[in-house]
Every structure is written in structure tokens, then in C-alpha cells.
Amino acid sequence: MAVFETEIQVGFEHTDIAGVVYYPRYFEMLSKVMERWFQGPLGCNYRQIHQIEKRGIPLVEVHCRFPKPSFLSDMLRFRLEVTKLGRRSVSMHVEACCGDEQRLVADMVIVHTQLHQDGMRSQDIPADLAARMQEYVK
């Protein structure tokens, strides 16, 4: 089983006036982690997926805990693993640590969709993409 890892340094844009990460900014970081996973080892460019192929991978469920605060300039190491790979959805577990301290724990579900003028409909994950995701199943 592979684990996807990436780092994000806490910037000024992530923090409140006290220099602590404002919790909604973690959701932006989680989105960045997913984008890097797709564009890196999964080989799926977001522009190609969303704008050209008219597919989507919206987040439909998320549960988060913030065990300890993160501060301006902290380097957060994110670890993503797949907990369940379905035909149309992917459940993931993501943790962020600064050194040995756990800062974020998130369980998320995304759904593969086809985008239409009137919205989006769930669609099977392409076989080649599912095969690459399978490597990350816990």
C-alpha cells in the first residue's frame, strides 16, 4: 500500500490575527493535497478533468479534528491514504503533522461525476484511474 505525502507551509493567508491557522483554511489545504495527488501519482491534470473532459470530483463528506493548533510558518506534512475505493466514490483518510505533533485528522469522501449544464451526475471512476488509486488503499 502506498501513502501519498506532501508538505504545505502555513502562510500568512492561512492564519488569523493571532497567527494561528483559521480552521476553514485547512479545507483549502486538503483541496491542495487532493489536487497534488491527482496531478502527481494519479497522472490526472485538474484542467483536463474539469474543463476539457467535463468531469468533477467534488467533496461530498468530511469529518475533521484539530488536535493541536498550527502557526504561521509551520511546515505541515500531509499523508493521504484511501480507506475505501468504490465504483463512483473514494473514501480517504488524511493526517497533517508538524514534526511529531498531529495537527489535523480528516476523513473525506469524493465522488466522480460527469458535469452537465443542469448540474452533475455520479459516474463510474475510469478503470485506469481506479487502478492507480488502488495502490493507495489501506
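Now for a look at the structure at hand. (Residues numbered from 1 in each chain as written. Predicted model: local features only at pLDDT ≥ 70, side-chain atom pairs only at ≥ 80, totals over all residues. Heavy atoms only, no water.)

**Quick word on the nonpolar core**
- Formed by 34 residues in total, the largest nonpolar core has its most connected members in Met 29, Trp 37, Phe 38, Phe 78, Leu 80, Met 92 and Met 133.
- For this core, the secondary-structure elements that each account for two or more residues are strand E1 (4–9), helix H1 (24–39), helix H2 (46–52), strand E4 (75–85), strand E5 (89–98), strand E6 (101–111) and helix H3 (127–134).
- Beyond its immediate sequence surroundings of up to four residues, Met 29 is in contact with Ile 8, Val 10, His 14, Val 21, Leu 76 and Phe 78. (Core = buried A, V, L, I, M, F, W, Y, C linked by side-chain atoms within 4.5 Å. Buried < 20%, exposed > 50% of the residue type's maximum accessible area, 1.4 Å probe, protein only. Helix = DSSP H or I, 4+ residues; strand = E, 2+ residues; numbered from the N terminus. Contact = heavy atoms within 4.5 Å.)

**Concerning H3**
- What H3 keeps buried is the set Leu 129, Ala 130 and Met 133. Projected down its long axis, H3 shows its buried positions confined to an angular sector of 100°, all on one face.
- Contacts from the buried residues of H3 go to H1, E4 and E5. (Arc of directions from axis to C-beta.)

**Considerations on the pairing of E4**
- Here 6 bridges tie E1 to E4, and the two strands are oriented antiparallel to one another. From the neighbouring strand, Thr 6 faces E4, where its bridge partner is Phe 78.
- One ladder, built from 8 bridges, connects E4 with E5; its direction is antiparallel. By the bridge assignment for E5, Glu 81 is matched with His 93.
- The antiparallel pairing of E4 with E5 creates a hairpin that spans 3 residues between the two strands. (Pairing = 2+ DSSP bridges.)

**A word on the packing of aromatic side chains**
- Under the criterion given, the structure shown has 6 aromatic pairs.
- Taking the centre distance of 5.6 Å and the plane angle of 85° together, the rings of Trp 37 and Tyr 136 count as edge-to-face. A residue pair is termed long-range when its members are at least 10 positions apart, and Trp 37 in helix H1 and Tyr 136 in the segment after H3 qualify at 99 residues.
- Overall, the relative accessible area of 0% leaves Trp 37 in the buried class.
- These aromatic residues form a ring-pair network of at least three members: Tyr 22, Tyr 23, Tyr 26 and Phe 66. (Phe/Tyr/Trp six-rings, centres within 6.5 Å; stacked < 30°, edge-to-face > 60°.)

**Details of the environment of Pro 41**
- By the element assignment, Pro 41 lies in the loop between H1 and H2.
- Separated by 19 residues in the primary sequence, Pro 41 and Val 60 have C-alpha atoms spaced 23 Å apart.

**Some points on the pattern of salt bridges**
- Overall, the coordinates contain 12 salt bridges when judged by the stated rule.
- Here Glu 28 and Arg 25 are joined by a salt bridge, their closest N and O atoms 2.9 Å apart. In this pair, Glu 28 and Arg 25 are both assigned in helix H1, 3 residues apart and thus about one turn of the helix distant.
- Looking at Arg 25, the relative accessible area reads 28%, which means it is partly exposed.
- What you see here is one network of salt bridges that share partners, running through Lys 68, Asp 74, Glu 101 and Arg 103. (Salt bridge = Lys/Arg side-chain N within 4 Å of Asp/Glu carboxyl O.)

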